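# Secondary and tertiary structure notes
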Amino acid sequence: MCWQLPGISPVDVCLTCGCLVPAMQHLSLLLLLLCLLASGQCRPRRRRLPRWSSAVEAQKHSTSLSKKPPDVTKSRKVKTEHLIKVDDHDFTMRPAFGGPAIPVGVDVQVESLDSISEVDMDFTMTLYLRHYWKDERLSFTGSSNKSMTFDGRLVKKIWVPDVFFVHSKRSFIHDTTTDNIMLRVFPDGHVLYSLRVTVTAACNMDFSRFPLDSQTCSLELESYAYTDEDLMLYWKSGDESLSTDDRISLSQFLIQKFHTTSRLAFYSSTGWYNRLYINFTLRRHIFFFLLQTYFPATLMVMLSWVSFWIDRRAVPARVSLGITTVLTMSTIITGVNASMPRVSYIKAVDIYLWVSFVFVFLSVLEYAAVNYLSTVQDRRERKRRERARSQSLPCTCGISQTRTMAMLDGTYSEADTNSLAGYTEEPLEEDEEEVAEKVEHMVVHLSVSSESTSTKKKKSLRALNIIQNTHAIDKYSPTSTSRKRRRRLLI
């Protein structure tokens, strides 16, 4: 038997084996035959295919004839960079660099008007901002005149307009779940660039007529680097370039209208720029402030009138009522000013609240005046009684009862007054306090009769009687207050 070694053919092995056999002539023929048989066994055998292999090959051949849709992403020739020739151009420069200004159309779809802040004087808006321009460097050839749509990854490799929001405080592009950016390229080189943005911009508000005011705010778009000689911004479809959602609503404002304008903006260091404006007008709802401000303030003023019908001797009731209304008005004024910016001019609501506060405060001062005058009047009456006790009283003997009552009531003439001079003094039988009161009343009316010929003195005496009679002050206070309030409301 022969063993096959690597690199040695079976014949060589057999010859080698034949050399190892002892030289025997009679067996030479037998050994030769054995070597030939051994060489025949050492040959590599062919692998026989199974009987069903031909059927499998026929099936493969038949499936290869059916056409599959080609996967264009596996072909290097149809990559995005090669199809729109991103690598063949320098996209750091604008299209038609060195030539005329490139027109860039803009349209906006307002998704929501999130909030209006009077304290910060700004508004927040979410919108879809779309740009339209033509860049021949992005043109491509295709079997059909269809556009290609890409996401934000290609935007970093090509030129896009550098539009920004003027007077914006905060802004961002939405990135959930990916960057909300869309780029659509047409075969002739026209490009649509769309993105979803939320921007917070400043709005100069005038609160001189608050809460009966209307505010006009604007969102301004402008190119940051390119002047009007390089880039021309314009509204793509005029007034129809701005579209809004019908479901947009605010709690305190009614959106009256949206409209667009455009103009040139000049910077002394860089030049003229095209600027686009999104203007919208807001009108404030008054019913909220009627319930929260005007009605409570009016009720506090009316409540302060209640103290005029309370007895002047009920000091705790009138003082507590007056102080309560004053503190309530102070709370209302503080609450309104807390939700408003600290402006240097007077607002309409400030005039109303402060006039109401003055009326409430005057009601407290009115009771203070009544209490003081009552104290002074009591002190004077006490002094008059003491003086009447120490002095003798004139006699009224010989005077008829009707004349005496007329004198006490003040309906007497000068003759009646002069007739009192001849009567002698006699002691009175009545009580001293009652006599003192009658004498005091008679002396006052005597002084009045001596001045009855002068009209001016009558008016001054009437005012003096009102001051002396503290109940008359409470009587006239609500009338005068209501007159003043009606006059102020008419104004």
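In every chain, residue numbers begin from 1 and rise along the written sequence. Whole-chain, interface and lining totals are the exception, using all residues; otherwise, since this is a predicted model, local features are given only for residues with pLDDT of at least 70 and side-chain atom pairs are given and counted only at 80 or more. As a rule here, side-chain values cover all heavy atoms of the structure and leave hydrogens and water aside.

### Topic: the overall build of the chain
How we decide: Put simply, DSSP marks the helices as runs of H or I at least four residues long and the strands as runs of E at least two long, and each gets a number from the N terminus on. Any two residues having at least one pair of non-hydrogen atoms within 4.5 Å are treated as being in contact. The Shrake-Rupley method, run with a 1.4 Å probe, gives the accessible areas here. Residue values count only the displayed protein chains as cover.
Along the chain, the regular secondary structure elements total 13 helices and 12 strands. Across the chain, the fraction of contacts at a sequence separation of at least 24, relative to all contacts at a separation of at least 6, is 75%. When the accessible surface of the chain is summed, it comes to about 32,700 Å², and 56% of that surface belongs to carbon and sulfur atoms.

### Overview of the packing of helix α7 (residues 315-338) against helix α8 (residues 348-390)
What counts is decided by this rule: Only the contacting stretch of a helix is used when fitting its axis, a line to C-alpha atoms as for every element, and angles between N-to-C directions run 0 to 180 degrees. Roughly parallel means an angle under 35 degrees; roughly antiparallel, over 145; roughly perpendicular, 65 to 115; everything else is oblique. Handedness of a crossing follows from how the near helix is turned relative to the far one, being left-handed for an anticlockwise turn of less than a right angle and right-handed for a clockwise one.
Contact geometry for α7 and α8: axes closest at 9 Å, N-to-C directions at 165°. In terms of orientation, α7 lies roughly antiparallel with respect to α8. Where α7 crosses over α8, the handedness of that crossing is left-handed.

### Thoughts on the pairing of strand β1 (residues 102-117)
Basically, it comes down to this: Two strands pair under a simple rule: DSSP has to find at least two bridges between them.
Pairing analysis gives five bridges linking β1 to strand β9 (residues 231-235), with the strands arranged parallel. Within the sheet, the bridge partner assigned to Ile102 lies in β9 and is Leu231. Here 11 bridges tie β1 to strand β2 (residues 122-134), and the two strands are oriented antiparallel to one another. Bridging across to β2, Asp107 finds its partner in Arg130. Here β1 hands over to β2 after four residues, with Met121 in that stretch at a positive phi of 55°. Alignment of β1 against strand β10 (residues 242-244), held across three bridges, turns out to be parallel. Residue pairing for β10: Val108 is matched across the bridge by Leu242.

### Some points on the sheet that holds strand β8 (residues 214-223)
Taking strand neighbours across the sheet as the criterion, the four strands line up as β4-β8-β12-β11 in an open arrangement whose pairing is antiparallel. Sheet topology places β4 (163-166) and β11 (253-267) at the edges, where each strand pairs with a single neighbour. The average angle at which neighbouring strand axes cross in this sheet is 25°, direction not considered. Judged from the four bridges that link them, β4 and β8 form a sheet pairing that is antiparallel. Looking at β8, one finds that Val166 is bridged to Glu220.

### Examining the confidence of the model for the chain
The condition that has to hold: Values of pLDDT, which run from 0 to 100, indicate the predictor's confidence residue by residue.
In the predicted model, the chain carries a mean pLDDT of 76, and the fraction of residues at 70 or more is 63%. Considering only residues more than four positions removed or in separate chains, one finds that residues 49-56, a stretch of pLDDT under 50, has zero contacts. Contacts for the low-pLDDT stretch residues 404-410, under 50 throughout, to residues beyond four places or in other chains number 13 contacts.

### Remarks on the pattern of salt bridges
Going by this rule: The working definition used for a salt bridge is a side-chain nitrogen of Lys or Arg within 4 Å of a carboxyl oxygen of Asp or Glu. With a 1.4 Å probe rolled over the protein chains alone, any residue whose accessible area is under 20% of its type maximum counts as buried; one over 50% counts as exposed, and the rest are partly exposed.
Summed over the entire model, instances satisfying the criterion amount to 14 salt bridges. Between Arg247 and Asp245 there is a salt bridge, with its nearest N and O atoms 3.3 Å apart. The exposure class of Asp245 is partly exposed, given its relative accessible area of 29%. Note that Asp311 is salt-bridged to Arg313, the shortest N-O span being 3.1 Å. Residue class for Arg313 comes out exposed when judged on its relative accessible area of 67%. A network of salt bridges, in which partner residues are shared, links Glu118, Asp213 and Arg284.

### Quick look at the nonpolar core
In summary, soluble globular proteins display a tendency toward joint burial of nonpolar side chains. For clarity, the cut-off: Definition used in this section: a nonpolar core is a set of buried Ala, Val, Leu, Ile, Met, Phe, Trp, Tyr and Cys residues joined via side-chain atoms within 4.5 Å.
Core analysis: the biggest nonpolar cluster contains 71 residues, and Val108, Leu113, Phe123, Leu183 and Leu219 have the highest contact counts within it. By residue number, the principal contributor to this core is β1, which donates seven residues. Setting aside its immediate chain neighbours within four residues, Leu183 contacts Met148, Thr149, Phe150, Leu154, Val155, Ile158, Val191, Leu192 and Tyr193.

### Quick word on unusual backbone geometry
Most peptide bonds take the trans configuration, and most residues that are not glycine carry a negative phi. Note that the residue after Thr176, namely Thr177, is joined by a cis bond; omega there is 0°. In this fold, Thr177 is placed in the loop between β5 (168-173) and β6 (181-185). Here the bond from Phe210 into Pro211 is cis, since omega is 5°, no more than 30 degrees from zero. In this structure, Pro211 sits in the loop between β7 (190-202) and β8. Phi at Ala96 takes a positive value of approximately 55°, unusual for a residue other than glycine. What makes Ala96 exposed here is its relative accessible area of 54%. One non-glycine residue, Met121, lies in positive phi territory at about 55°. By secondary structure assignment, the location of Met121 is in the loop between β1 and β2. On the accessibility criterion, Met121 (22% relative accessible area) is partly exposed.

### As for the packing of aromatic side chains
Geometry of an aromatic ring pair is reported as the spacing of the ring centres plus the angle between the planes. Where we set the bar: A pair of Phe, Tyr and Trp rings is counted when the ring centres sit within 6.5 Å of each other, with Trp represented by its six-membered ring. The angle between the planes then sorts it: under 30 degrees is stacked, over 60 is edge-to-face, the rest tilted. Any Lys NZ or Arg CZ that is within 6 Å of a ring centre and within 35 degrees of that ring's normal is treated as a charge sitting over the ring.
Taken as a whole and judged by the stated rule, the model has 14 aromatic pairs. Geometrically, the ring pair formed by Phe164 and Tyr224 is edge-to-face, given 5.2 Å between the ring centres and 80° between the ring planes. Of the two residues, Phe164 is situated in strand β4 and Tyr224 in the loop between β8 and β9; the sequence distance between them amounts to 60 residues. According to the relative accessible area criterion, Tyr224 is exposed, its value standing at 61%. When the centroid spacing of 5.4 Å and the interplanar angle of 35° are considered together, the rings of Phe258 and Phe280 count as tilted. Residue Phe258 is located in strand β11, and its partner Phe280 is located in strand β12 (residues 271-284); the two are separated by 22 residues in the primary sequence. An aromatic cluster is present here, built from Trp133, Trp159, Tyr193 and Tyr226 joined pairwise through their rings. When the ring centre of Tyr132 is taken as origin, the NZ or CZ atom of Lys236, which lies over that ring, is 4.8 Å away. One residue, Arg263, lies across the ring of Tyr277, its end atom 4.9 Å from the ring centre.

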